[in-house]
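Chain by chain, the residues run as shown.
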Amino acid sequence: MELPSINMEIQSPYRKKLKVGDIFRLKYPNSRYLFGQITSLSAKAAGFKDCIKINVFESEHNCPDYPIKQSSKKLLIAPLFINRLGFSRGYMPVISNTDVIKTSSKYCYFDALFKKHLNDDGVEIPQATGLVGAWGLSNYLVLDDLVSEILGIGVMEDA
């Protein structure tokens, strides 16, 4: 089976048991690295339970080593609810584990089915706040599209 074309580069498959606090690395062309963290392994979103909830930090680095003193506690995108595929296929190798990093970013979610904004607990809020993410289960392909757009490298399209 051929994998879809994406900008994120394969590093090494990670098939160990994931843990809250795991730090993972995303690699993009020209030695562009971003880091993220697993904040929950039992998150619920849009009827899906036991989702992996991740944060991706906005700081871009040119070194594959995780910066112990993260230069920014801000998020690049709203926290995302994903499955394990990005880890097991090698796009998101876990490189460290630490306490969950508190972020300074405000965010909410948009429920496309019911056309409303929600807070972290899925409760409707009157208007969008900060970064707006999708209320539902995503995967590494969605993550790549979101990050690629922000990095300005264009979303890959399969022929």
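Residues numbered from 1 in each chain as written. Predicted model: local features only at pLDDT ≥ 70, side-chain atom pairs only at ≥ 80, totals over all residues. Heavy atoms only, no water.

1. Considering the environment of Pro13
Phase 1 of the analysis: By the element assignment, Pro13 lies in the segment before strand 1 (22-28).
Phase 2 of the analysis: For Pro13, a relative accessible area of 45% puts it in the partly exposed group.
Phase 3 of the analysis: For Pro13, the contacting residues outside a window of four places in its chain are Phe87, Ser88, Arg89 and Gly90. (Helix = DSSP H or I, 4+ residues; strand = E, 2+ residues; numbered from the N terminus. Buried < 20%, exposed > 50% of the residue type's maximum accessible area, 1.4 Å probe, protein only. Contact = heavy atoms within 4.5 Å.)

2. Topic: the packing of aromatic side chains
Phase 1 of the analysis: Under the counting rule described, the total for this entry stands at seven aromatic pairs.
Phase 2 of the analysis: Measuring from centroid to centroid gives 5.2 Å for Phe81 and Tyr109, while their planes differ by 45°, and the two rings are tilted. Residue Phe81 is located in strand 4 (residues 80-82), and its partner Tyr109 is located in strand 6 (residues 107-111); the two are separated by 28 residues in the primary sequence. Like Tyr109, Phe81 is buried.
Phase 3 of the analysis: With 5.9 Å between their ring centres and 75° between their planes, Tyr107 and Tyr109 make a pair best called edge-to-face.
Phase 4 of the analysis: Residue class for Tyr109 comes out buried when judged on its relative accessible area of 0%.
Phase 5 of the analysis: Each residue in the set Phe81, Tyr107, Tyr109 and Trp135 is aromatic and connected to the rest through ring pairs, giving one cluster.
Phase 6 of the analysis: If you follow Lys116 out to its NZ or CZ, it ends over the ring of Phe114, 5.5 Å from the centre. (Phe/Tyr/Trp six-rings, centres within 6.5 Å; stacked < 30°, edge-to-face > 60°. Lys NZ or Arg CZ within 6 Å of the ring centre and 35° of its normal.)

3. Notes on the environment of Tyr66
Phase 1 of the analysis: Secondary-structure assignment places Tyr66 in the loop between strand 3 (48-56) and strand 4.
Phase 2 of the analysis: Remark: the alpha-carbon pair of Tyr66 and Ile23, spanning 43 residues in sequence, is separated by 8.2 Å.
Phase 3 of the analysis: Dropping the residues within four chain positions of it, Tyr66 is found in contact with Ile23, Phe35, Ile95 and Ile101.

4. With respect to helix 2 (residues 140-151)
Phase 1 of the analysis: The end-to-end C-alpha separation of helix 2 is 16 Å, in line with the 16 Å expected for 12 residues at 1.5 Å each.
Phase 2 of the analysis: Buried within helix 2 we find Tyr140, Leu143, Asp144, Val147, Ser148 and Leu151. Looking down the long axis of helix 2, one finds its buried residues gathered within 125° of arc, a one-sided arrangement.
Phase 3 of the analysis: Check the buried side of helix 2 and you find it contacts strand 1, strand 2 (32-45), strand 3, strand 4 and helix 1 (85-88).
Phase 4 of the analysis: A distance of 2.8 Å separates the backbone nitrogen of Leu141 from a side-chain oxygen at the start of helix 2, and that oxygen is part of Asn139.
Phase 5 of the analysis: Just past helix 2, the residue Gly152 takes up positive phi, approximately 75°. (Expected span 1.5 Å × (residues − 1). Arc of directions from axis to C-beta. Polar contact = N/O pair within 3.5 Å; in protein donor to acceptor, adjacent residues only side chain to side chain.)

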